[in-house]
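Each chain, letter by letter, is given below.
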Amino acid sequence: QVQLVESGGGLVQAGDSLRLSCLASGRTAFSSYAMGWFRQAPGKEREYVAGIIRDGNITYYADSVKGRFTISRDSSKRTVYLEMNSLKPEDTAVYYCAAAPQTWPPRAANMYPYWGQGTQVTVSS
């Protein structure tokens, strides 16, 4: 019902910033989905990063990124963003966006039926 494509990853230095984008396409309205960002580093489980409510501006963050990352969505562009500031080497991971057909964004990865392919973020020290 929805296809997701992430972009914006890259190689940056510690303290730098990146903005990730996730473009959604499909027949179902973008506003029908709560959206989440997850990340996965080599040898680690996929971790929750941030979530945003389906039809509002209420957002949620993992403690590790709170105050540094900002999730937002633009309904006209069918896009969800993750603005990442003050990046740290431990932020290095593949970042994935995900969509769930519900109002509130789950924190568990297995609650999201739709996923993008991921975009690599590498932060050097």
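Worth saying up front: this structure is predicted, and the values here are computed from it rather than measured.

Calculation notes
- Residues numbered from 1 in each chain as written.
- Predicted model: local features only at pLDDT ≥ 70, side-chain atom pairs only at ≥ 80, totals over all residues.
- Heavy atoms only, no water.
- Helix = DSSP H or I, 4+ residues; strand = E, 2+ residues; numbered from the N terminus.
- Buried < 20%, exposed > 50% of the residue type's maximum accessible area, 1.4 Å probe, protein only.
- Lys, Arg positive; Asp, Glu negative; His and termini not counted.
- Salt bridge = Lys/Arg side-chain N within 4 Å of Asp/Glu carboxyl O.
- Polar contact = N/O pair within 3.5 Å; in protein donor to acceptor, adjacent residues only side chain to side chain.
- Pairing = 2+ DSSP bridges.
- Phe/Tyr/Trp six-rings, centres within 6.5 Å; stacked < 30°, edge-to-face > 60°.
- Lys NZ or Arg CZ within 6 Å of the ring centre and 35° of its normal.

## Concerning the side chain of R73
Then step 1. When you line up the elements, R73 lands in strand β7 (residues 69-74).
Then step 2. Buried R73, no salt bridge; nearest opposite-charge side chain is D55, N-O distance 7.6 Å.
Then step 3. One polar contact links the side chain of R73 to the main-chain carbonyl oxygen of Y33, over a distance of 2.9 Å.
Then step 4. At a separation of 3.3 Å, a polar atom in the side chain of R73 contacts the main-chain carbonyl oxygen of R54.

## A few points about the pairing of strand β9 (residues 93-100)
Then step 1. Taking burial as the measure, the 8 residues of β9 include 7 buried ones, the bulk of the element.
Then step 2. As paired strands, strand β4 (residues 34-40) and β9 are joined by 7 bridges and run antiparallel to one another. Bridge pairing links R39 to Y95 in β9.
Then step 3. With 3 bridges connecting them, β9 and strand β11 (residues 119-124) associate as antiparallel partners. Residue pairing in the sheet places V94 in a bridge with Q120 of β11.
Then step 4. Direction of pairing for β9 relative to strand β10 (residues 114-115): antiparallel, over a ladder of 2 bridges. If you follow A99 over to β10, its bridge partner there is Y114.

## Re the packing of aromatic side chains
Then step 1. Counted under the stated rule, the structure contains 7 aromatic pairs.
Then step 2. Judged by centre distance (5.3 Å) and plane angle (75 degrees), the ring pair of F38 and Y112 falls under edge-to-face. Note that F38 is positioned in strand β4 and Y112 in the loop between β9 and β10, a separation of 74 residues in sequence. Residues F38 and Y112 agree in their burial class; the two are buried.
Then step 3. Ring centres of F38 and W115 lie 5.1 Å apart, and the angle between their planes is 55 degrees; this geometry places the pair in the tilted category. Highlighted residues: F38 in strand β4 and W115 in strand β10, separated in sequence by 77 residues.
Then step 4. For F38, a relative accessible area of 1% gives the class buried.
Then step 5. Three or more aromatic residues link up through ring pairs in this structure, and these residues are F38, Y48, Y96, Y112 and W115.
Then step 6. Against the face of F30 rests R73, its NZ or CZ located 4.3 Å from the ring centre.

The values are spatial; any link to function lies outside them.
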